[in-house]
Amino acid sequence: MTSTQRLSDVVATELETRILEGSLKPGDRLPAERELAVEMGVSRPSLRGALQALAAKGLLITRHGGGTFVTDSMQAAFTDPWQQMLKDHPDIHGDMLEFRHMLEGQAARLAAERGTEEDFERIHSCHEALELAFSERDLEKCIKTDVEFHQAIAEASHNVLIGHLSSSLHKVMEGHVQGNLEYLTARPELWAQLQVQHRAIWDAVRERRMEVAGRAAHQHLEFVQQTMRETMKNEERRSAAARRLGAAA
């Protein structure tokens, strides 16, 4: 094995670590080859070897004339089949929420224990954006900032599986999150509770109260479970009413 090959392996491992930890996310474009080689202190042939190795693993994709991007291969392997399963088998929706309980409760605990100042700055920024979106009742921004807030906490756990599974799970459930928030916008008292719950999670994490953070996450998800059940019942009633209207016509 040549020194160039060995160095390319080191570079590939470094880039793969960045993908695993979430520093490089699906869809991110890598810097230009020359710039990235300088940043990593290696020759362009070594960098090319690393990029080729990661492309062979399905982690990177090069678009002709468009640069090199991180693929969503790890996320797609989880989300694609489960999105369809959730659609075909609504009864497993409860199982998915149970899994969120385990994942997000532990994420909040570990974020309180392991989060760095940089992590807390990011969570704080996400929380401020979330509060602004909620105060403006901007549904699209609410969905986006809600996911970003929970994902920032997941990544502050410094557990790569929690980070990636959290991202995948939010992707699987994005339609349900949207439906739930649409239901809540018409109920000011419930809408306000969401803001209180998010604030409680963030306060406990930044104060490094692990168990309190875990409980706050669980209480938030219990609320989400209940309102999602109500959302689904509401949709069933609307569908039934539309069918009766159609039959009468």
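Residues numbered from 1 in each chain as written. Predicted model: local features only at pLDDT ≥ 70, side-chain atom pairs only at ≥ 80, totals over all residues. Heavy atoms only, no water.

Caption draft 1: Just the layout of surface pockets, in detail. Size it by volume and the largest pocket reaches roughly 980 Å³. The wall of the largest pocket is formed by 39 residues, among which Lys 25, Gln 151, Glu 155, Gly 163 and Ser 167 lie closest to the centre. Taken together, the elements giving at least two residues each to the lining of the largest pocket come down to helix H1 (3–21), helix H4 (73–88), helix H6 (117–136), helix H7 (139–156) and helix H8 (160–172). Among the elements that take part in the lining of the largest pocket, H8 stands out by supplying 9 residues, more than any other. When the residues that make up the lining of the largest pocket are grouped by side-chain class, the tally is 14 nonpolar, 14 polar and 11 charged. (1 Å grid on protein atoms, 1.4 Å probe; cavity = no way out; pocket = protein on both sides within 12 Å on 5 of 7 lines; lining within 4 Å. Points joined across faces, edges and corners; volume = space filled by probe spheres on them. Helix = DSSP H or I, 4+ residues; strand = E, 2+ residues; numbered from the N terminus. Nonpolar A, V, L, I, M, F, W, Y, C, P; charged D, E, K, R; others polar.)

Caption draft 2: Representation of the nonpolar core within the structure. Core analysis: the biggest nonpolar cluster contains 44 residues, and Ile 123, Phe 134, Phe 149, Ile 153, Leu 181, Leu 184 and Val 205 have the highest contact counts within it. Contributions of two or more residues to this core are made by helix H5 (93–114), H6, H7, H8, helix H9 (174–185), helix H10 (188–206) and helix H11 (210–248). Of the residues forming this core, the biggest block, 8 residues, is contributed by H5. Setting aside anything within four residues of it in sequence, one finds Leu 184 in contact with Leu 190, Trp 191, Leu 194, Phe 223 and Thr 227. In this structure, Ala 12, Leu 47, Leu 59 and Val 70 belong to the second largest nonpolar core, which totals 17 residues. (Core = buried A, V, L, I, M, F, W, Y, C linked by side-chain atoms within 4.5 Å. Buried < 20%, exposed > 50% of the residue type's maximum accessible area, 1.4 Å probe, protein only. Contact = heavy atoms within 4.5 Å.)

Caption draft 3: Just the side chain of Ser 8, in detail. By the element assignment, Ser 8 lies in helix H1. The buried category is assigned to Ser 8, whose relative accessible area is 9%. Not counting residues within four places of it along the chain, the set of residues in contact with Ser 8 comprises Ser 46, Gly 49 and Ala 50.

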